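Take a look at the letters that make up each chain.
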Amino acid sequence: MSHTLGIRQAQKQKTRQALLDAALALLEEQSLSSLGLREVTRAVGVAPTAFYRHFRSTADLGVALVDEALGSLHPMVRTTVSATGDSEERIARAVELIARHVDEYPAHVRFIARERHGGVQPVRAAIRAQLQRFAEEVRTELARDPEAAGWSDDDLLMLAQLYVDQMLVTASLFLEALEAPQEERERVRRLATRQLRLIGIGRSHWLD
C-alpha cells in the first residue's frame, strides 16, 4: 500500500511540476492576469479539472512560481554581500552571480520582472514578501561587517533594500541583453559594477 501511495505522490508531484513549467513557458508571451487555466492544462495534456488538484486558481499557481523563482535564491543573495574579500571582489562576485542566474533561468527572471508590478495581487504580495526577506537577510550579513559599526538597524535595512533593488535592476538589464552581442553584455556588466560602487561609496561615508 505504501509503495502504491508513493507512486501516486510522485505522479502528482510530476503533474504539478508540469503545470508550473507549462505556465512559465506560456508566460513568456503574456501576463499572468491573461493566462487561462485551460491553456495550461492543454499544454500539459490533462483535463481542466486536474488543475484544481494542485492549485486553487491561476493566482495560486503564480504564487507557486514566485516561490520557485525566488525561494532558492536566498543563499546566492547573501553571498553577494558577504564580508569575504574586499569591496571590488564583492562587487565582481555579485555581478557575476546575477549574470549567471539570468543566463540559466531567464524565464523565471522575466516572470518576476513582469509580475512584480502586475495585475495579480497575491503574486505581487508574494514577490514583495520574498524581496523583504532578502533585505532582512542582507541586513544580517551587513551587520557582521566591521564597516557596520555605529549603524542603526533601520539604516542597515535601508542599505540592504538598496542592494536588493540594485540586484533586481541588474538582473533586468542582463535579461534585456540576453540575446545581444557580447559587447552589450559587457556594457551592462560595467554599468552594474559602477552602480554598486556608487552604493559602496555612499555606504562608506554615511556616518561622516
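Preceding this section is the structure that the text describes.
Residues numbered from 1 in each chain as written. Predicted model: local features only at pLDDT ≥ 70, side-chain atom pairs only at ≥ 80, totals over all residues. Heavy atoms only, no water.

Engineer: I would appreciate a short explanation of the pattern of salt bridges in the present structure.
Structural biologist: When their charged atoms lie close together, side chains carrying opposite charge are able to pair. All told, the structure shown has 15 salt bridges when counted by the stated rule. We note a salt bridge from Arg144 to Glu141, for which the minimum N-O separation is 2.7 Å. (Salt bridge = Lys/Arg side-chain N within 4 Å of Asp/Glu carboxyl O.)

Engineer: Honestly, the packing of aromatic side chains in this entry has me stumped. Any pointers?
Structural biologist: The relation between two aromatic rings is expressed through the spacing of the ring centres and the mutual angle of the planes. The final tally for this structure, using the stated rule, is 3 aromatic pairs. Aromatic side chains Phe51 and Tyr52 sit 5.6 Å apart centroid to centroid with 80 degrees between the ring planes, which places their arrangement in the edge-to-face category. Within the aromatic cluster, the residues linked to one another by ring pairs are Phe51, Tyr52 and Phe55. (Phe/Tyr/Trp six-rings, centres within 6.5 Å; stacked < 30°, edge-to-face > 60°.)

Engineer: For this particular structure, what's the right way to read the packing of helix 7 (residues 106–115) against helix 9 (residues 153–176)?
Structural biologist: A packed helix pair is summarised by two numbers, namely the angle formed by the two axes and the spacing between the axes. It is the contact of helix 7 with helix 9, at a shortest axis distance of 10 Å, that shows an interaxial angle of 120 degrees. Put simply, helix 7 runs oblique to helix 9. When the axes of helix 7 and helix 9 are compared, the crossing they make is left-handed. Across from Pro106, Val109, Arg110 and Ala113 in helix 7, the residues of helix 9 making contact are Ala171, Ser172 and Leu175. A class-by-class count of the residues in the contact of helix 7 with helix 9 yields 5 nonpolar, 1 polar and 1 charged. (Axes fitted to C-alpha atoms, helices over the stretch in contact; angles between N-to-C directions. Helix = DSSP H or I, 4+ residues; strand = E, 2+ residues; numbered from the N terminus. Parallel < 35°, antiparallel > 145°, perpendicular 65-115°, else oblique. Left-handed = near helix turned anticlockwise from the far one by under 90°. Contact = heavy atoms within 4.5 Å. Nonpolar A, V, L, I, M, F, W, Y, C, P; charged D, E, K, R; others polar.)

Engineer: When you look at the side chain of Arg90 in this model, what are you seeing that I'm missing?
Structural biologist: By the secondary structure assignment, Arg90 is in helix 6 (residues 87–104). Separated by 2.8 Å, the side chains of Arg90 and Asp145 make a polar contact. (Polar contact = N/O pair within 3.5 Å; in protein donor to acceptor, adjacent residues only side chain to side chain.)

Engineer: Before we go on, may I ask you to explain the side chain of Thr41 in this structure?
Structural biologist: Following the sequence through the fold, Thr41 ends up in helix 2 (residues 37–44). Here Arg38 takes part through its backbone oxygen, which lies 3.2 Å from a polar atom of the side chain of Thr41.

Engineer: How should the packing of helix 4 (residues 58–70) against helix 8 (residues 121–143) be read in this particular structure?
Structural biologist: For the pair helix 4 and helix 8, the least separation of the axes is 8 Å and the interaxial angle reads 20 degrees. Between helix 4 and helix 8, the angle is such that the two are roughly parallel. Pair helix 4 / helix 8 crosses with right-handed handedness. Contact residues: helix 4 offers Ala59, Gly62, Val63, Val66, Asp67 and Leu70, while helix 8 offers Pro122, Val123, Ala126, Ile127, Gln130 and Phe134. The class makeup of the residues in the contact of helix 4 with helix 8 is 9 nonpolar, 2 polar and 1 charged.

Engineer: Just checking my understanding: could you explain the nonpolar core for this structure?
Structural biologist: A general feature of soluble globular proteins is that nonpolar side chains tend to end up buried together. By size, the foremost hydrophobic cluster in this structure holds 61 residues, and its most contacted members are Leu65, Val66, Leu70, Phe111, Leu142 and Tyr163. The element that contributes the greatest number of residues to this core is helix 9, accounting for 11 residues. Beyond its immediate sequence surroundings of up to four residues, Phe111 is in contact with Leu24, Leu27, Gly62, Leu65, Val66 and Val123. (Core = buried A, V, L, I, M, F, W, Y, C linked by side-chain atoms within 4.5 Å. Buried < 20%, exposed > 50% of the residue type's maximum accessible area, 1.4 Å probe, protein only.)

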